[in-house]
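Residues per chain are reported as follows:
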Amino acid sequence: MNNTTRIKKNYQLIKFQKLVIVSVLIGFLSAFLGISLKKITEYYEEIFFYQASLNPIFIIIFPVFGLSIIYFLREYLFRKKENKGMKEIFESTNSKSKNLPNYKIPSHFINGLLTVVFGGSTGIEVSTVVASATIGSVAQRKQNVFRQYKTELICAGVAAGVTALFSSPIAGILFAIEVISRKVTRAFLISNLIAVAIAFGLVFLLDEKPLFAVTITTWHLKAIPYFILLGILAGINSVYLTRCVLLFKAQFSKIKIHYYKILIGSLILSVSLFFFPQLYGEGYHAIKGIFVHSNDVTLSFSLVLTFIGIILLKPIVTSATLASGGDGGVFAPSLFIGAFLGLLVALLLNRYLNANVIPVNFMVIGMAAVLSASIHAPFTAIFLVCGLTNDYTLFLPILVVCLISKYTAKMIYPFTVYSYSASLSK
């Protein structure tokens, strides 16, 4: 009896040691992938966007060229296998037999990069998430002892990837819980905590700066009713984004010749970018710009029309990008819409109600609120946006507004892009 107990303890100890080692590897590889993709994308997106701003002809050429390259890579390099985004992760975690194949790592890395660099109006977040999830999936298949930890190790890759992108280990773990796993086991805690710790350690060693340099000083209780209004508007906008993505994918799926999809998607994208260059790529360059000038913006009729046009068009160009073969998701579009929506609401309140609210606060809260409602993950949105700005001053109002936006969105439409995909994969 003692020998049997000792053998079981030794087996459990070996299994634990192996889980720790594989979690370290997943954390490092996923973080390295995420940081590399972020850096390369930022570098080339800046160059291409600058060229497009100097020569408007590139606004027409870049989208069709980028989507065409992605199509030919998919046809001939990746053997006609499409990237389905988050749906691939849900299919894998909901099935014992389905796994994320190795080619998903280079496929999502390359396609995500090409989509954003050539003006596709989405972000690299979902590309990173699926590629890093594949790292976890590959690790899980290497030894029989890890077969039972399939979801946990996939989530470890995802959590590490999100940590690397947004410099927020808490957001990484919460995203894995709220969106993918929806349950926490002992193995989940071990693998995910180790993976995000390694990822955050790499971020720290590389001295990664917050994506947005924002100075937040304070917030006032009198602004709470206005925050609630922003939360409701964010929920409505998130449903508009979700419905746009689902509608475009459904309609484009009816087009049998893929190059027609590319031409239609590129046309929508090029026309939109011509009038609103802020929509180019993930749009972080535009967010940084309005953060810098948020306190100096003078409200005018043309500015209001510009902001409304940007807010209404972003879901359309994002949907057209994804439906015509681009790689990405709703992370970056949600942050983009939230920033512009928040600034517009603040400017209107100050102009017509003399509310004297702080525009930058509304931008930050708006980003979190739209993201929360778009993915139905309020706690992920809170820590992700706080990590992006490296400031937790607005934690309490962000918490309240994120909950309001999420439940506003759920009342209007129960699905997100991700949960709708998950329902189809069951």
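Just above sits the structure.
Note that this is a predicted model, so its numbers are computed, not measured.

The rules behind these values
- Residues numbered from 1 in each chain as written.
- Predicted model: local features only at pLDDT ≥ 70, side-chain atom pairs only at ≥ 80, totals over all residues.
- Heavy atoms only, no water.
- 1 Å grid on protein atoms, 1.4 Å probe; cavity = no way out; pocket = protein on both sides within 12 Å on 5 of 7 lines; lining within 4 Å.
- Points joined across faces, edges and corners; volume = space filled by probe spheres on them.
- Helix = DSSP H or I, 4+ residues; strand = E, 2+ residues; numbered from the N terminus.
- Nonpolar A, V, L, I, M, F, W, Y, C, P; charged D, E, K, R; others polar.
- Buried < 20%, exposed > 50% of the residue type's maximum accessible area, 1.4 Å probe, protein only.
- Contact = heavy atoms within 4.5 Å.

A. Structural context of the layout of surface pockets. What the second largest pocket holds in volume is close to 550 Å³. Together, 31 residues line the second largest pocket, and Phe 90, Val 179, Ile 180, Ser 181 and Arg 182 are the ones closest to its centre. Secondary-structure elements contributing two or more residues to the lining of the second largest pocket are helix H3 (86-93), helix H6 (150-166), helix H7 (169-181), helix H15 (378-389), helix H16 (395-412) and helix H17 (417-425). Considered class by class, the residues forming the lining of the second largest pocket number 13 nonpolar, ten polar and eight charged.

B. Here's a closer look at the environment of Pro 359. By the element assignment, Pro 359 lies in helix H14 (residues 359-375). Of the residues examined, Pro 359 reaches a relative accessible area of 9% and is grouped as buried. In this structure, the C-alpha to C-alpha distance between Pro 359 and Tyr 259, residues 100 residues apart in sequence, is 43 Å. Filtering out sequence-adjacent residues up to four positions away, Pro 359 remains in contact with Ser 294, Asn 295, Leu 343, Ala 346 and Asn 350.

C. Focus on the environment of Ala 369. Position of Ala 369 relative to the elements: it lies in helix H14. The spacing of Ala 369 and Val 401 is 32 residues in sequence and 6.0 Å in space, taken between C-alpha atoms. The contact partners of Ala 369, leaving out residues within four places of it in the chain, are Ala 234, Val 401, Cys 402 and Ser 405.

D. Representation of empty space enclosed by the protein. Enumeration according to the criterion identifies three cavities of 30 Å³ or more in this entry. Computed from the structure, the largest cavity encloses a volume of approximately 100 Å³. Contributing to the lining of the largest cavity are Lys 38, Thr 41, Glu 42, Ile 124, Glu 125, Leu 165, Phe 166, Leu 211, Glu 282, Tyr 284 and Leu 388. The set of elements that each furnish at least two residues to the lining of the largest cavity consists of helix H1 (2-54) and H6. Ranked by the residues each element gives to the lining of the largest cavity, the list is headed by H1, at three residues. Of the residues belonging to the lining of the largest cavity, the class tally is six nonpolar, one polar and four charged.

E. Quick look at the environment of Arg 182. You can see Arg 182 is positioned in the loop between H7 and helix H8 (186-205). Here Arg 182 falls in the exposed class, since its relative accessible area comes to 60%. Each C-alpha atom, one on Arg 182 and one on Asp 296, is 43 Å from the other, the two residues being 114 residues apart in sequence. Contact partners of Arg 182, with chain neighbours within four places excluded, come to Ala 176 and Ile 177.

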